[in-house]
Amino acid sequence: MRYHTPSSFEDASAIAAAATGVTRFLAGGTDVLVQLRSDLVTPDDLIDIKRIAGVRDITRRDDGGWRIGAAASGVELAEHEALIAEWPGVVEALELIGSTQIQARCTLVGNLCNGSPAADSVPAMIAAGATVNVVSPEGAREIAVEDVPTGPGMTSLGPGEVVSAVNLPPRGEGGGDAYLRFIPRTEMDIAVVGAGVNLVREGETITAARVALGAVAPTVLLVEEARAALVGSTLDDSALAALAKAAEAACRPISDKRGTVEFRTHVAGVLTRRAAKIAYGRAGA
Amino acid sequence: MIHVSTTVNGDAHELLCDPRETLLDALRDRLELTGAKEGCGTGDCGACTVLLDGRPVCSCLVLAAEAEGHEVRTVEGIADGEELHPLQRKFIEHAALQCGICTPGILVAAKALLERNPDPSETEVRYWLAGNLCRCTGYDKIIRAVLDAAGEMREAT
Ligand SMILES: Cc1cc2nc3c(=O)[nH]c(=O)nc-3n(C[C@H](O)[C@H](O)[C@H](O)COP(=O)(O)OP(=O)(O)OC[C@H]3O[C@@H](n4cnc5c(N)ncnc54)[C@H](O)[C@@H]3O)c2cc1C
Ligand code: FES
Ligand code: FES
């Protein structure tokens, strides 16, 4: 295994593009190094992005949104009060990952690019309308987070493509987001279902919304029908019932030791409702 | 082999490491700092906990090469010479260990907690240490030892 420490994303991308064997990027290593240690994936080329200047920075964008460097860790987001004030759902989703020790290392980008359908921060990022900056030998592009995962362990990123940052849109007035997951314990487990809700209200009425579900399909889902159930409503009981129904209808889960199809589908409805209530409360605060 | 310059418990070290070598293996096999233990090797148990630039990490999920230019602290750096740290004394007083495999990782993690939060609640201690598994004690004595040490350290300051 060759270990590379490029000093720019262009160099990181060039190394990856030239590599012919198994290639991985190293952000926090909490997936890559587990896979290495368990002999599941031994990269021929491992490209550590953490020596790139500014790669952990969390900065305000000109449009009022946020740019979160690809190597910013869970604890670095959790300590960023201005970010939490605007996007509590995204931060709480990343904070759910692992333990104190894992928090010092895990990143949004690693969680996304590992491609797990149960990745906790991904529904929250999709609900938020987040994008990622991608650097490749052909140049740079910005893509929506929901366009990255294509299946379990798979992404739309081509060889030589590396993510440099996550962008969150401007929060604006009257917005709130939330993420909830179900696990059989209170800590250190993989989501059986995850639900992210982001909405904007004007007075009591919801004017915009995005709802994303994790662990109920081969990729994290952006659920259009759930948006439709929320927008125009005041989150009254009938809107909540329509929301839960839309969430349940979107589920295409598997049965495994963590939960059956029926259980996952039911919980998706319950969690979506609860996350919507939290987001609505935050939006009104 | 990769040349790594790093600081461990305040001392500068130069190491030659295999690219796949973990920080845990480098600490144990090259620097003979065998306090950090390998329980699982996959980030689940916390027995390998050390501080990297002041934050607890699982050293089994850090490459030795990643320590280049960074500061590592291990359980060996907790006592002041022969003088045990209050956490270490309280672990003995409360019998907060049996086999002791988990203890170095828990001491490192607990010390990092008390530096950030000198007066944690029981719930805060339990969540902070959720990534440190113990097969022997049932955790209660560990939590009591940490809370007691925190109290003593608050009085001392
Ligand atoms: C004990 C433990 C508990 C965990 N609990 C959870 C949990 O509760 N929920 C959860 O969702 N996950 C969990 N995880 C999984 C893991 O911690 C997360 O997926 C984490 O966010 C991965 O981030 P990382 O920075 O460590 O990624 P890495 O391991 O560094 O990378 C992961 C993948 O992303 C790719 N990658 C990294 N950086 C880039 C980049 N810049 N551009 C393109 N590709 C890139 C890598 O090639 C690799 O395939 C857990 C892991 C452990 C060890
Ligand atoms: S040995 Fe590192 S977490 Fe178990
Ligand atoms: S004392 Fe044996 S594992 Fe904790």
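Residues numbered from 1 in each chain as written. Chains lettered and ligands numbered in written order. Predicted model: local features only at pLDDT ≥ 70, side-chain atom pairs only at ≥ 80, totals over all residues.

With that out of the way, let us pick up the sheet that holds strand 13 (residues 205–214) of chain A. Residue and element names in this part refer to chain A. Reading across from one edge, 11-12-13-14 is the order of the four strands in this open sheet, with antiparallel pairing throughout. One side of each edge strand has no neighbouring strand; the edge strands of this open sheet are strand 11 (175–182) and strand 14 (221–222). Looking at chain direction, strand 12 (residues 193–202) and strand 13 are connected through nine bridges and run antiparallel. Each residue of the ladder has a partner; that of Leu199, found in strand 13, is Ala209. Its contacts with the sheet put helix 8 (residues 121–128) on strand 11, strand 12, strand 13 and strand 14, and the angle it makes with strand 12 is roughly 20°. (Pairing = 2+ DSSP bridges. Helix = DSSP H or I, 4+ residues; strand = E, 2+ residues; numbered from the N terminus. Contact = placed C-beta atoms within 7 Å. Axes fitted to C-alpha atoms, helices over the stretch in contact; angles between N-to-C directions.)

Our next topic: the sheet that holds strand 3 (residues 45–48) of chain A. Residue and element names in this part refer to chain A. In spatial order, the strands read 1-3-2; together these three strands make up an open sheet with parallel pairing. A single partner strand is all that each edge strand has here, and the edge strands are strand 1 (2–4) and strand 2 (23–26). Each adjacent strand pair in this sheet contributes to an overall mean axis angle of 20°, direction not counted. The sheet contact formed by strand 2 and strand 3 spans four bridges and is parallel. Considered in strand 3, the bridge of Thr23 is made with Asp45. On the sheet, helix 1 (residues 9–18) packs against strand 1, strand 2 and strand 3 and is oriented at approximately 175° with respect to strand 3.

The partner chain A presents 21 residues to the 24 residues of chain B that form the contact. Ranked by the residues each element gives to the side of chain B that touches chain A, the list is headed by strand 4 (residues 55–58) of chain B, at four residues. Taken together, the residues of the side of chain B that touches chain A break down into 15 nonpolar, six polar and three charged. (Nonpolar A, V, L, I, M, F, W, Y, C, P; charged D, E, K, R; others polar.)

Another point: the site of ligand 1. In the vicinity of ligand 1 there are 32 residues, among which Ala27, Gly28, Gly110 and Asn111 of chain A together with Gly43 of chain B approach most closely. Taken together, the residues near ligand 1 originate from chains A and B. Sorting the residues of the shell around ligand 1 by element identifies strand 2, helix 2 (32–37), helix 7 (108–113) and strand 10 (162–168) of chain A as the ones contributing at least two each. Per-element accounting of the shell around ligand 1 gives the leading share, four residues, to helix 7 of chain A. The class makeup of the residues in the shell around ligand 1 is 18 nonpolar, nine polar and five charged. (Near = placed C-beta within 6 Å.)

Turning next to the domain arrangement of chain B. All names here are of chain B. Domain annotation of chain B identifies domain 1 (2–77) and domain 2 (86–156). Each of domain 1 and domain 2 has a C-alpha centre, and these two points are 22 Å apart. Contacts between domain 1 and domain 2 engage 14 residues on the former and 11 residues on the latter. Take the side of domain 1 that touches domain 2: its biggest share by element is three residues, from strand 3 (residues 49–52). Across the side of domain 1 that touches domain 2, the residue classes tally to eight nonpolar, five polar and one charged. (Domains from an automatic or database assignment.)

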